[in-house]
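Structural description and commentary
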Amino acid sequence: MLHKEGDESVIDAGIIVAAQKVEHYEIASYGSVRTFAQLLGRDKAAELLQTTLEEESETNELLNKLGEDIVNPEALMQAEMVGASSGR
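Residue positions are given per chain, counted from 1 along the sequence in the order it is written. At least 70 in pLDDT is required for a residue's local features to be given in this predicted model, at least 80 for side-chain atom pairs to be given and counted, and no such filter applies to totals for whole chains, interfaces and linings, which use all residues. The basis for the side-chain values is all heavy atoms of the structure; hydrogens and waters are excluded.

Right, let's get into the overall build of the protein. A count of helices and strands for the protein gives 2 helices and 0 strands. Taking all 88 residues of the protein together, 23% fall into the buried category. Within the protein, residue pairs in contact and separated by at least 24 positions form 59% of the contacts whose partners lie at least 6 positions apart. The protein chains shown are the only cover counted for residues, whose accessible areas, like all others here, come from Shrake-Rupley with a 1.4 Å probe. Accessible surface computed for the protein: about 6,600 Å², of which carbon and sulfur atoms make up 58%. Note on conventions: DSSP H or I runs of at least 4 residues are helices, E runs of at least 2 residues are strands, and numbering of each starts at the N terminus. The cut-offs for exposure are 20% and 50% of the maximum accessible area for each residue type, with area from a 1.4 Å probe on protein chains only; residues under the lower value are buried, those over the upper are exposed, and the others partly exposed. The criterion used for residue contact is that any of the two residues' heavy atoms lie within 4.5 Å.

Have a look at this one:
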């Protein structure tokens with residue numbers, strides 16, 4: 001995404017999507033490993049993994065807010081301006 005050409009806000013929206021994909025993968029991974037740690041009676045490890053899981057969830061929420069409140073509206077505005085200038 002960083003090397004793509006196009007409107008900056010649209011590229012930013014794509015970067016946020018890519019980052020959220022990574023966060024979702026991490027959330028699923030940490031959640032699963034935390035559950036395995038709990039099942040094995042590894043309480044300290046499970047506690048640490050839960051903390052990491054919460055941090056990943058917070059990051060995902062921040063990305064959601066950034067996308068919804070700033071980047072996606074800017075990208076939409078740019079797309080509408082391009083559409084209007086091309087006579088659509």
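Now that the structure has been shown, the text picks up again.
In plain words, nonpolar cores are sets of buried Ala, Val, Leu, Ile, Met, Phe, Trp, Tyr and Cys residues tied together by side-chain atoms within 4.5 Å. Core analysis: the biggest nonpolar cluster contains 5 residues, these being Ala13, Ile16, Leu63, Val71 and Ala75. For this core, the elements supplying multiple residues, two or more each, are helix H1 (8-39) and helix H2 (43-85). Considering each element in turn, this core owes the most residues, 3 residues, to H2. Residues contacting Leu63, with those up to four places away along its chain left out, are Ile16, Ala19, Gln20 and Glu23.

For Thr51, the position within the fold is in helix H2. The exposure class of Thr51 is partly exposed, given its relative accessible area of 37%. Spatially, the C-alpha atoms of Thr51 and Arg34 are 9.8 Å apart, while their sequence positions differ by 17 residues.

What follows concerns a nonpolar patch on the surface. Taken together, Val33, Phe36 and Leu39 make up a surface patch of nonpolar side chains, about 330 Å² in accessible area. Within the secondary structure, Leu39 sits in helix H1. Like charges within 9 Å and nonpolar side chains (Val, Leu, Ile, Met, Phe, Trp, Tyr) within 5 Å are joined into patches, using only residues over 30% in relative accessible area that form no salt bridge. We count a salt bridge whenever a side-chain nitrogen from Lys or Arg sits within 4 Å of a carboxyl oxygen from Asp or Glu.

Moving on: the pattern of salt bridges. Taken as a whole and judged by the stated rule, the model has 1 salt bridge. Across the pair Lys65 and Asp69 runs a salt bridge, and its minimum N-O distance is 2.6 Å. Residue Lys65 and its partner Asp69 are located together in helix H2, separated by 4 residues, close to a single helical turn. With a relative accessible area of 45%, Asp69 lands in the partly exposed category.

Let us look at H1. Helix span is expected to be 1.5 Å times the residue number reduced by one. Look at H1: 47 Å from first C-alpha to last across 32 residues, which is about the 46 Å you get at 1.5 Å a residue. Turning to H1, its buried residues number three or more, namely Ser9, Ile11, Ala13, Gly14, Ile16, Gln20, Glu23, Gly31, Arg34 and Ala37. Gly41, located one to two residues past H1, shows a positive phi value of around 75°.

Geometric values such as these leave the question of function open.
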